[in-house]
Amino acid sequence: MDGTGQFSLEGAYPPDFYGRSTLKVAHDLLGQYLVVREGQRILAGRIVETEAYIGEDDPACHGHRGRTPRNAVMFGPPGLAYVYFTYGNHFMLNFVSEKEGFPAAVLIRAVEPTTGIKWMIKRRGVTDPDRICRGPGNLTVALGINRSFNGLPLAGPRLLVCRNPARRPPIKTSGRVGVNEGWERPWRFFFRDHPCVSAYRKGTKTGRKE
DNA sequence: GATTGGATCTACT
DNA sequence: GTAGATCCAATCG
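Residues numbered from 1 in each chain as written. Chains lettered and ligands numbered in written order. Predicted model: local features only at pLDDT ≥ 70, side-chain atom pairs only at ≥ 80, totals over all residues. Heavy atoms only, no water.

A.B. asks: Teacher, can you tell me more about the overall build of chain A here?
C.D. replies: The secondary structure content of chain A amounts to six helices and eight strands. For 210 residues, the compact-globule formula gives about 17 Å, and the C-alpha radius of gyration of chain A, at 16 Å, lands near that figure. In terms of principal-axis extent, the alpha carbons of chain A reach across some 50 × 35 × 35 Å. Of all 210 residues assigned to chain A, the portion counted as buried reaches 51%. Pairs at least 24 apart in sequence give 62% of the contacts found in chain A among residues at least 6 apart. Working note: accessible area of chain A is about 10200 Å², and carbon and sulfur atoms make up 52% of it. Chain A carries 31 positive and 19 negative side-chain charges, and their two centres are separated by 4 Å. (Helix = DSSP H or I, 4+ residues; strand = E, 2+ residues; numbered from the N terminus. Rg over C-alpha atoms; globule rule 2.2 N^0.38 Å. Buried < 20%, exposed > 50% of the residue type's maximum accessible area, 1.4 Å probe, protein only. Contact = heavy atoms within 4.5 Å. Areas by Shrake-Rupley, 256 points an atom, 1.4 Å probe, with all protein chains shown as cover. Lys, Arg positive; Asp, Glu negative; His and termini not counted. Charge placed at Lys NZ, Arg CZ, Asp CG, Glu CD.)

Dropping the structure here:
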């Protein structure tokens, strides 16, 4: 089976799913399929780790200093992909949430690869399935996600988020990874004990307070 | 126009 | 545990 039937547009979440509380969206996204279509090729995996970035009051949210060309998609309608480049070498994949005009998004931090694994291995140069999509920078490499995905709908031909009816493992929360201000908010969601979840790292700034 | 720091990863000590 | 890679957007002058 090629997986195209399993990941049909009919199984995708509509924008309404994203136009809710970001914390609910981040929680509900765990376990669902993230699907990338490259022509006939399908790359997919189960989302196992997310983080919420919510509004101008959240110092870690890109939208907290207002709208700029870079973060404009965050202010747009829910249900779109917000992809940005950081640290000189990494793309980050986010899903825009809440209502239009309110800057919020869910960062996809880790995925358990399920379909097209051999292509992901080729891109990553790593063979351990647990490590292929562990970490937000790694999963965008594995799935071939780049700047051209910014603003794409999450129920479209290239990008798709589909419901997975399987029962979900226990969900845990924690502070967000790599965040210096606002890190104490428990806005990271992940499957407990799942091997594909990224390691927790504190904010990198040396001056970070406890 | 220059500076600074970042929602990271890997490799090395 | 810590450093270096590497680029871009935001900020300041």
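Following the structure, the description resumes.
A.B. asks: Help me out: how do you make sense of the side chain of S174 in this one?
C.D. replies: Examined against the element boundaries, S174 turns out to sit in strand 7 (residues 171-174). Among the polar contacts listed, one links the side chain of S174 to the side chain of R188, at a separation of 3.0 Å. Leave out the neighbours within four places in its chain, and S174 touches R185, P186, W187, R188, F190 and Y200. (Polar contact = N/O pair within 3.5 Å; in protein donor to acceptor, adjacent residues only side chain to side chain.)

A.B. asks: Please explain the pattern of salt bridges as it appears in this structure.
C.D. replies: Pairs can form between side chains of opposite charge whenever their charged atoms are close. According to the stated counting rule, one finds nine salt bridges in the structure shown. Among the ionic pairs, R20 bridges to D28, the shortest N-O distance being 2.9 Å. A salt bridge links E51 to R109; the nearest nitrogen and oxygen atoms lie 3.7 Å apart. Taken as a pair, E51 in strand 2 (residues 41-54) and R109 in strand 5 (residues 104-115) lie far apart in primary sequence, 58 residues in all. Residue classification places E51 among the buried positions, given a relative accessible area of 0%. Each of E49, E51, R109 and R188 takes part in salt bridges that share partners, so that together they form one network. (Salt bridge = Lys/Arg side-chain N within 4 Å of Asp/Glu carboxyl O.)

A.B. asks: Where do I start with the packing of aromatic side chains in this structure?
C.D. replies: Where two aromatic rings form a pair, the distance of their centres and the angle of their planes describe that pair. Tallied over the full model, the rule gives six aromatic pairs. Between F7 and Y33, the aromatic rings sit 5.0 Å apart at their centres with planes inclined by 70°, giving edge-to-face as the arrangement. Here F7, found in the segment before helix 1 (15-18), pairs with Y33, found in strand 1 (residues 33-38); they are 26 residues apart in sequence, far enough to count as distant. Exposure class is identical for F7 and Y33. Each is buried. Measuring from centroid to centroid gives 5.4 Å for Y82 and Y84, while their planes differ by 35°, and the two rings are tilted. On the basis of relative accessibility, which here comes to 13%, the residue Y84 falls in the buried class. Feature note: the residues Y13, F17, Y18 and F95 constitute an aromatic cluster, connected by ring pairs. It is R176 that lies over the ring of Y53; its NZ or CZ is 4.7 Å from the centre. R188 extends its terminal NZ or CZ atom over the ring of F190, reaching a point 4.4 Å from the ring centre. (Phe/Tyr/Trp six-rings, centres within 6.5 Å; stacked < 30°, edge-to-face > 60°. Lys NZ or Arg CZ within 6 Å of the ring centre and 35° of its normal.)

A.B. asks: Before we go on, may I ask you to explain helix 2 (residues 22-29) in this structure?
C.D. replies: An α-helix turns once per 3.6 residues; consequently, residues spaced three or four apart project the same way. Residues of helix 2 that are buried include every one of T22, V25, A26 and L29, and no others. Projection of helix 2 onto a plane perpendicular to its axis shows the buried side chains occupying an angular sector of 100°, all on one side. Considering only its buried residues, helix 2 is in contact with helix 1, strand 2, strand 4 (90-96), strand 5, strand 6 (159-162) and strand 8 (188-191). Directly beyond the C-terminal end of helix 2, a positive phi value near 95° is found at G31. (Arc of directions from axis to C-beta.)

A.B. asks: Explain the protein's contact with DNA strand C to me, please; I cannot follow it from the model alone.
C.D. replies: Around DNA strand C sit R65, T68, P69, R70, F85, Y87, G88 and N89, and those are all the residues in its vicinity. In the environment of DNA strand C, a phosphate oxygen lies 2.2 Å from a nitrogen or oxygen atom belonging to the side chain of T68. Of the residues in the surface near DNA strand C, the class split is three nonpolar, three polar and two charged. (Near = heavy atom within 4 Å. Nonpolar A, V, L, I, M, F, W, Y, C, P; charged D, E, K, R; others polar.)

A.B. asks: How do you make sense of the pairing of strand 6 when you look at a structure like this?
C.D. replies: Along any regular strand the residues' side chains alternate between the sheet's two faces. Alternating residues of strand 6 divide into L159 and V161 and L160 and C162, and every residue in both groups is buried. As paired elements, strand 1 and strand 6 share four bridges and run antiparallel to each other. Paired with V36 across the bridge in strand 6 is L159. (Pairing = 2+ DSSP bridges.)

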